[in-house]
Amino acid sequence: MFKNIIAPVQAWLLSQGKCVGCGKKLEKKQGKGLVRITCECGRMYMYDEGADSYRRANLNEIK
Ligand SMILES: [Zn+2]
């Protein structure tokens, strides 16, 4: 399945601090806990400063 190939690639990109859509380096914002980061391409991520990791923002966080 296509999805099974894509998921590890996206996880790898995120672990590198890069956008899964355009590959651009995501900025690191200072803040307590989770910080919302919006990529230039419009995708939204949550940056966990404590863990120094990114993940895709879920629907509740986007609105
Ligand atoms: Zn992007």
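You'll find the structure just up there.
Each value, and the rule that gives it
Residues numbered from 1 in each chain as written. Predicted model: local features only at pLDDT ≥ 70, side-chain atom pairs only at ≥ 80, totals over all residues. Heavy atoms only, no water. Donors = N, O, S within 2.8 Å, 3.2 Å for Na, K, Ca; no water. Tetrahedral: all angles 85-135°; square planar, octahedral: opposite > 155°, others 65-115°. Helix = DSSP H or I, 4+ residues; strand = E, 2+ residues; numbered from the N terminus. Buried < 20%, exposed > 50% of the residue type's maximum accessible area, 1.4 Å probe, protein only. Pairing = 2+ DSSP bridges. Axes fitted to C-alpha atoms, helices over the stretch in contact; angles between N-to-C directions.

Side note on the coordination of the zinc ion
Then, number 1: Here the zinc ion is held by the protein donor atoms Cys 19 (SG), Cys 22 (SG), Cys 39 (SG) and Cys 41 (SG), which lie 2.3 Å from it.
Then, number 2: Of note is the zinc ion, whose 4 donor atoms meet at the metal with angles of 104 to 117° in an arrangement that counts as tetrahedral.
Then, number 3: For the zinc ion, all donor residues lie on one chain, and their spacing in sequence is C-x2-C-x16-C-x1-C. With Cys 22 in the loop between α1 (2–15) and β1 (34–38) and Cys 39 in the loop between β1 and β2 (44–48), this pair connects stretches of sequence that are 17 residues apart.
Then, number 4: Using a relative accessible area of 39% as the deciding quantity, one classes Cys 22 as partly exposed.

Structural notes on the sheet that holds β2
Then, number 1: Pairing is antiparallel across the open sheet formed by 3 strands, whose spatial order is β1-β2-β3. Every interior strand has two partners, whereas the edge strands, β1 and β3 (53–56), have only one. Averaged over all pairs of adjacent strands, the angle between their axes in this sheet comes to 30°, without regard to strand direction.

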